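Coordinate analysis (summary)
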Amino acid sequence: MSEASEAGAVRRLRCFIVEDSAVIRQNLVAMLEDLLPIDVVGHAEDQAQALGWLESADGFCDLLLIDIFLKVGSGLPVLAAAQASGRAGKLVVLSNYATPDIRRRCAALGADRVFDKSSELEELIAYCADIGAGERS
């Protein structure tokens, strides 16, 4: 084990975002990269782009943030494909529609957590910080 690991150093996370709103995506990238040791390595605006990235050589990340309702397609098939591929560490849904039903559906498809965009951003930040510190399994 390296000295950095022994000292409990926080590791930088590779994050990929599936979000169709450019404004939300830009704000999310700025928030994550400013507050956390996260490198946003890319984004997709629709289901096809996200599935293409997962299948690509670069399609690995520590954290995959997925919006469910996209302008073209849905985040649910992306979530299922990411779970099946094993190419993403943590699968996190960030949606304005984080209803109990959506939370159950996402959990059944392999989501580690579901956060409401409008009210749970602080919880998302804390969750991501814990992942970087190795505190979330």
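Before reading on, note that the structure itself is shown above.
Residues numbered from 1 in each chain as written. Predicted model: local features only at pLDDT ≥ 70, side-chain atom pairs only at ≥ 80, totals over all residues. Heavy atoms only, no water.

Our focus in this paragraph is the sheet that holds strand β4 (residues 88-95). Spatial ordering of the open sheet is given by β2-β1-β3-β4-β5, a layout of 5 strands whose pairing is parallel. Each edge of the open sheet carries a strand with a single partner, namely β2 (38-44) and β5 (113-116). Strand-to-strand, the axes of this sheet are offset by a mean angle of 25°, without reference to chain direction. Strand direction decides the pairing type here: strand β1 (residues 13-18) and β2, joined by 6 bridges, are parallel. Within the sheet, the bridge partner assigned to Arg 14 lies in β2 and is Asp 39. In this fold helix α3 (residues 47-55) packs onto β1, β2 and β3 (61-66), with an angle of close to 125° to the strand it touches most, β2. (Pairing = 2+ DSSP bridges. Helix = DSSP H or I, 4+ residues; strand = E, 2+ residues; numbered from the N terminus. Axes fitted to C-alpha atoms, helices over the stretch in contact; angles between N-to-C directions. Contact = heavy atoms within 4.5 Å.)

Another aspect to go through is the packing of α3 against helix α4 (residues 75-85). Taken N-terminus to C-terminus, the directions of α3 and α4 make an angle of 10°; their axes are 10 Å apart at the nearest point. Regarding the angle of α3 to α4, the classification is roughly parallel. Where α3 approaches α4, its residues Gln 47, Ala 50, Leu 51 and Leu 54 are matched on the opposing element by Pro 77, Val 78, Ala 81, Ala 82 and Ser 85. (Parallel < 35°, antiparallel > 145°, perpendicular 65-115°, else oblique.)

In the sheet, β4 pairs with β5 via 4 bridges, with the strands oriented parallel. In the strand pairing of β5, Ser 95 is matched with Asp 116. Running through helix α5 (residues 100-108), the crossover from β4 to the neighbouring parallel element β5 is right-handed. (Right-handed = clockwise from strand over helix to strand, strands pointing away.)

Enumeration according to the criterion identifies 5 salt bridges in this entry. Of the charged contacts, one joins Asp 67 and Lys 117 as a salt bridge, the two residues approaching to 3.1 Å between their closest N and O atoms. Taken together, the residues span a long stretch of sequence, with Asp 67 in the loop between β3 and α4 and Lys 117 in the loop between β5 and α6 (121-132) at a distance of 50 residues. Judged by relative accessible area, Lys 117 falls into the buried class, the value being 12%. Bridged by salt links that share partners, the residues Glu 19, Asp 67 and Lys 117 form one connected network. (Salt bridge = Lys/Arg side-chain N within 4 Å of Asp/Glu carboxyl O. Buried < 20%, exposed > 50% of the residue type's maximum accessible area, 1.4 Å probe, protein only.)

Because the α-helix completes a turn every 3.6 residues, residues three or four places apart line up on one side. The first and last C-alpha atoms of helix α2 (residues 22-35) sit 20 Å apart over 14 residues, in line with the 20 Å expected at 1.5 Å per residue. Of the residues making up α2, those classed as buried are Arg 25, Leu 28, Met 31 and Leu 32. Taken around the axis of α2, the buried residues stretch over an arc of 135°, which confines them to a single face. Exposed side of α2, more than 90 degrees from the buried face: Val 23, Gln 26, Asn 27 and Asp 34 are the residues found there. (Expected span 1.5 Å × (residues − 1). Arc of directions from axis to C-beta.)

That's the geometry; what it means functionally is another story.
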